[in-house]
Amino acid sequence: MTAVALLDRVRARLALDQSVPSRTEVAALVREETGGLLGDDDVLLAVREAVDELAGAGPLEPLLREPGVTDVLVNGPDEVWIDRGAGLTRAPVRFADDDAVRRLAVRLAGLAGRRLDDAAPWVDVGLPDGTRLHAVLPPVSGSGTCLSLRVLRRCSHSLDDLGALGTLPGESGDLLRALVARRRAFLVTGGTGSGKTTLLSALLGEADPADRIVLCEDAAELTPAHPHVVRLLTRPPNVEGVGQVRLRDLVRQALRMRPDRLVVGEVRGAEVTDLLAALNTGHDGGCGTLHANRPSEVPARLEALGVAAGLGRAAVHSQAAAALDVVVHLRRTPAGRRVDEIGVVRRVGELVAVEPGWRSDGGPCPGGERLGELLAGKRGPEW
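For every chain, the first residue of the written sequence is number 1, and numbering continues from 1 along that sequence. Totals for whole chains, interfaces and linings use all residues, but because this is a predicted model, local features are given only for residues with pLDDT of at least 70 and pairs of side-chain atoms are given and counted only at 80 or more. Neither water nor hydrogens contribute to the side-chain values; these are computed over all heavy atoms in the structure.

Peer 1: Can you explain empty space enclosed by the protein? Please cite residues and give values.
Peer 2: With a 1 Å grid spanning the protein atoms alone, the term cavity applies to any set of points in which a 1.4 Å probe fits but cannot get out, the term pocket to an open set with protein on both sides within 12 Å along at least five of seven lines, and the term lining residue to any residue with an atom within 4 Å of a point. Grid points are joined across faces, edges and corners, and a volume is the space filled by probe spheres set on the points. All chains considered together, the criterion is met by one cavity of 30 Å³ or more. Taken as a whole, the largest cavity holds about 40 Å³ of empty space. In this structure, the largest cavity is lined by Leu-187, Val-267, Val-272, Leu-275, Leu-276, Leu-290, Leu-302 and Leu-324. Secondary structure is summarised from DSSP: a helix means a run of H or I of at least four residues, a strand means a run of E of at least two, and numbering begins at the N terminus for each. No other element matches the three residues that helix α10 (residues 271–279) contributes to the lining of the largest cavity. Gly counts as polar in this scheme, as do all residues outside two lists: the nonpolar Ala, Val, Leu, Ile, Met, Phe, Trp, Tyr, Cys and Pro, and the charged Asp, Glu, Lys and Arg. Residues that form the lining of the largest cavity fall into these classes: eight nonpolar, no polar and no charged.

Peer 1: Explain helix α9 (residues 247–254) to me, and be specific about the residues and the numbers.
Peer 2: The cut-offs for exposure are 20% and 50% of the maximum accessible area for each residue type, with area from a 1.4 Å probe on protein chains only; residues under the lower value are buried, those over the upper are exposed, and the others partly exposed. Turning to α9, its buried residues number three or more, namely Leu-247, Arg-248, Leu-250, Val-251 and Ala-254. The buried side chains of α9 occupy one side of the element, clustering within an arc of 160° when seen end-on. Those residues of α9 that are buried lie in contact with β8 (213–217), β9 (229–233), β10 (261–264) and α10. To be clear, the arc concerns the directions from the helix axis to the C-beta atoms. Contacts: residue pairs with any heavy atoms within 4.5 Å of one another.

Peer 1: So what's going on with the environment of Leu-275? Residues and values would help.
Peer 2: Along the chain, the position of Leu-275 falls in helix α10. Using a relative accessible area of 4% as the deciding quantity, one classes Leu-275 as buried. Sequence separation between Leu-275 and Ala-323 is 48 residues; the distance between their C-alpha atoms is 8.8 Å.

Peer 1: Please give an account of the pairing of strand β5 (residues 132–136) that cites residues and values.
Peer 2: Think of it this way: DSSP has to see at least two bridges between two strands before they count as a pair. The pairing of strand β4 (residues 122–126) with β5 spans five bridges and is antiparallel. Residue Gly-126 lies in a different strand from β5, and its bridge partner there is Arg-132. Here β4 hands over to β5 after five residues, with Gly-130 in that stretch at a positive phi of 95°. Note: β5 against strand β6 (residues 146–150), five bridges, orientation antiparallel. Along β6, the bridge assignment pairs Val-136 with Cys-146.

Peer 1: Kindly report on the sheet that holds strand β3 (residues 88–90), identifying the contributing residues and their values.
Peer 2: In spatial order, the strands read β3-β2-β1-β6-β5-β4; together these six strands make up an open sheet with antiparallel pairing. One side of each edge strand has no neighbouring strand; the edge strands of this open sheet are β3 and β4. Mean inter-strand twist for the sheet, computed between neighbouring axes without regard to direction, equals 15°. As paired strands, strand β2 (residues 79–83) and β3 are joined by three bridges and run antiparallel to one another. Residue pairing for β3: Ile-82 is matched across the bridge by Thr-89. Axis definition: a line fitted to C-alpha atoms, over the contacting stretch in the case of helices. Angles run 0 to 180 degrees between N-to-C directions. Across the face of the sheet, helix α5 (residues 98–111) comes into contact with β1 (71–76), β4, β5 and β6 while running at roughly 135° to β5.

Peer 1: An account of unusual backbone geometry is needed here, citing residue identities and associated values.
Peer 2: Note on backbone geometry: most residues besides glycine have negative phi, and most peptide bonds are trans. Residues Pro-138 and Pro-139 are joined by a peptide bond in cis, for which omega reads 5°. In this structure, Pro-139 sits in the loop between β5 and β6. The backbone phi angle of Arg-183 is positive, close to 55°, even though this residue is not glycine. Tracing the backbone shows Arg-183 in the loop between α7 (172–181) and β7 (186–190). Look at Arg-183 and you get partly exposed, because its relative accessible area is 26%. Residues other than glycine seldom take positive phi values, yet Arg-258 does so here, at roughly 50°. On the accessibility criterion, Arg-258 (56% relative accessible area) is exposed.

Peer 1: Go over the pairing of strand β12 (residues 326–333), please, and point to the residues and values.
Peer 2: Bridging between β7 and β12 involves four bridges; their strand directions are parallel. The residue of β12 that forms the bridge with Thr-189 is His-329. Where β12 meets strand β13 (residues 336–348), eight bridges bridge the pair, whose relative direction is antiparallel. Residue pairing in the sheet places Arg-332 in a bridge with Arg-337 of β13. Hairpin geometry of β12 and β13 is characterised by an intervening segment of two residues between the two adjacent antiparallel strands.

Peer 1: Summarise the sheet that holds β7; cite the residues concerned and give the values.
Peer 2: Two pairing modes exist for strands in a sheet, parallel and antiparallel, and in both the strands are linked by backbone hydrogen bonds. The eight strands are arranged β9-β8-β10-β11-β7-β12-β13-β14 in an open sheet whose pairing can be described as mixed. At either margin of the open sheet sits one strand with a lone partner, and together these are β9 and β14 (351–359). Put simply, the sheet's adjacent strands are angled 25° from each other on average, direction ignored. Where β10 and strand β11 (residues 287–291) come together, two bridges link them in parallel fashion. What sits directly across from Val-264, in β11, is Gly-288.

In structure tokens:
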């Protein structure tokens, strides 16, 4: 029996069941269909191929399993790209046509309990294995079905590991350890794929073992090497459009769970108001990540998120000035990801600004003295 014929027979049997098949169910059907005609090695190969095609990510599955791959992007049936951490490269993978891409996108959405069709032409959801799926169907996507898969690599690096990888140039490692030890509130910032989550996990691993860390995340990405971690995860609405749990809801629940450190995996919406409020009510050492191209842009990002959530501009800046101490900025370079700047948050009239306290390029650091005071345990007067 050829592989194509075997897949056709398994697919025909699965067509009788309206539910999304599991990997175990596909494997069992393959074994039944082979009927002992194949050797053990051939059966294992047939099972893997069938599972990839019918319950996995099809031709994309080998790419997702490849070590180091962080993103798999499909722009069309003959245009697949992957990112191994150093930028996008073309992958030698092709689909038969756009219908094949669409079928894969619809099936993956179904695995997460979401619909993807003409009435709901896009989806953004986490798959059962933690991979993040985003898909857009035509005609919203003018070039055909677009599929984006962000691979969740739950590997925990310590600060020593990151130092060996070149992520912590100069004295940045010592400064970051002092930042955690002094329980300063901070944000880890940077662009997409700059290593914000990896660094935040490593920093949380430096926290006092007696601390109770409560994580609020969209997906289980943070993996701190710490003995007391409580994880709260968001949930999308079901097919009826109900049951959604937002990040803002998690932050509010976390405040009632006696956190020593409140952590928001990624601040990108209305939860910014609850996080800033929490950091102003005695929850020292709170932290999170935020998308920003430069540390100097952080106040504007916080302002945009806070105003959209209903806070006035002055209130956002006032809360940020009282809540945040430091911004740790990462930059992605051809040589790898590295800490580029450690900035201090200070007042400028009624607004706040982020002033460089340490820079990897040795440039001017007007906030250097203030950073030293913060990491030495001195609060000092309001700036």
